[in-house]
Amino acid sequence: MKKLTTILFGTFLLFAQGCGQPSNETMLERGNYAMWQSRWSDAAEDFDKAVKLHPGDWEAQFHLGKCYMELGNPEAAAQSLAIAESLKPYNTEIADLYAEALLKSGKQDKLYSYLFGRAQSQQTVRAWIKFAEYAMELDDPDSATNAINTAIALSDGTDIAPLVIAATFAERLGDDTLAIAYWKRAWILEPTNSEITNAIRSYGEVPGPTMTVVDDTE
């Protein structure tokens, strides 16, 4: 009898501990369903309850930030996304949405330092491209150029993404000579890419193996 009482008491303690620390699963499922139905206010309410109980739940923080963005509140979104990003720094979906929230909330200095720091620490082609894109958006051509050149160097000439960004940026700056040089380099990597082919033809040239590539990036 004493042994049975001990077992029952232990079971009660486990149950009480579980009740004292509720799971986020139900709230996340309810929030995800509301989000799927585009009921952003309802979803935000569920995710807000989830993060108050478990602030370290990156998924709840991320989805709450997504809801705030849909509700037109980038300031609140940035707060939740900052936490989610700190927990999952290599998640590009979180990083992209956080950068967008910072831009839309007018925090340009924070956006710049965040993306620059991320690119420096991760040293990936994608991170440097993302920094370059926002540097262009913030009218900082010098930083954008340096970021693009870094991305091209990291890609070791095997990735068209930084070349396409470089060509697009050169066009924005009115440097057609540099732009066509980048388009041609990209074409060599992917000669069947219609975007690249059309870009080269827009300059009055026909893409082909005899096409001269002038490297003006050195």
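Preceding this paragraph is the structure being described.
The structure presented is a predicted model; accordingly, all values stated were derived computationally and were not measured.

Caption draft 1: Here's a closer look at the environment of A60. Among the structural elements, A60 can be located in helix α4 (residues 58–70). Taking relative accessible area as the criterion, A60 reaches 0% and is therefore assigned buried. Linking A60 and L28, residues 32 residues apart in sequence, is a C-alpha distance of 6.8 Å. Not counting chain neighbours up to four residues away, the residues in contact with A60 comprise N24, L28, F47, A50 and V51.

Caption draft 2: Quick look at unusual backbone geometry. Here S38, not a glycine, exhibits a phi torsion of approximately 65°, which is positive. Relative to the helices and strands, S38 resides in the loop between α2 (25–36) and α3 (40–53). The exposure class assigned to S38 is partly exposed, which follows from its relative accessible area of 46%. Phi angles above zero are rare outside glycine, and D139 is one such case at about 60°. Mapping D139 onto the fold places it in the loop between α8 (125–137) and α9 (141–155). Judged by its relative accessible area of 65%, D139 falls in the exposed class.

Caption draft 3: Structural detail: the pattern of salt bridges. Here the structure, examined in full by the defined rule, presents 10 salt bridges. The shortest N-O distance in the salt bridge between E45 and K49 comes to 3.8 Å. Here E45 pairs with K49, and both are found in helix α3, just 4 residues apart, close to one helical turn. Looking at E45, the relative accessible area reads 46%, which means it is partly exposed. Here R126 ties to D96 by a salt bridge, and the two come within 2.6 Å at their closest N and O atoms. Taken as a pair, R126 in helix α8 and D96 in helix α6 (residues 92–104) lie far apart in primary sequence, 30 residues in all.

Caption draft 4: Spotlight on the packing of α2 against α4. Close contact between α2 and α4 brings their axes to 11 Å; oriented N to C, the two are set at 25°. Considered as vectors, α2 and α4 are oriented roughly parallel to each other. Once α2 is placed against α4, the crossing between them reads as left-handed. Along the contact surface, α2 presents L28, N32 and M35, while α4 presents E59, A60, H63, K66 and C67. Of the residues belonging to the contact of α2 with α4, the class tally is 4 nonpolar, 2 polar and 2 charged.

Caption draft 5: Spotlight on the packing of aromatic side chains. Within this structure, the stated rule accounts for 7 aromatic pairs. Ring centres 6.1 Å apart and planes at 75° place the aromatic pair F116 and W128 in the edge-to-face group. Pair noted here: F116 is in helix α7 (residues 108–122) and W128 is in helix α8, with a separation of 12 residues, a long-range link. An aromatic cluster of three or more residues is present, and its members are Y112, F116, W128 and F131.

About the cut-offs
- Residues numbered from 1 in each chain as written.
- Predicted model: local features only at pLDDT ≥ 70, side-chain atom pairs only at ≥ 80, totals over all residues.
- Heavy atoms only, no water.
- Helix = DSSP H or I, 4+ residues; strand = E, 2+ residues; numbered from the N terminus.
- Buried < 20%, exposed > 50% of the residue type's maximum accessible area, 1.4 Å probe, protein only.
- Contact = heavy atoms within 4.5 Å.
- Salt bridge = Lys/Arg side-chain N within 4 Å of Asp/Glu carboxyl O.
- Axes fitted to C-alpha atoms, helices over the stretch in contact; angles between N-to-C directions.
- Parallel < 35°, antiparallel > 145°, perpendicular 65-115°, else oblique.
- Left-handed = near helix turned anticlockwise from the far one by under 90°.
- Nonpolar A, V, L, I, M, F, W, Y, C, P; charged D, E, K, R; others polar.
- Phe/Tyr/Trp six-rings, centres within 6.5 Å; stacked < 30°, edge-to-face > 60°.

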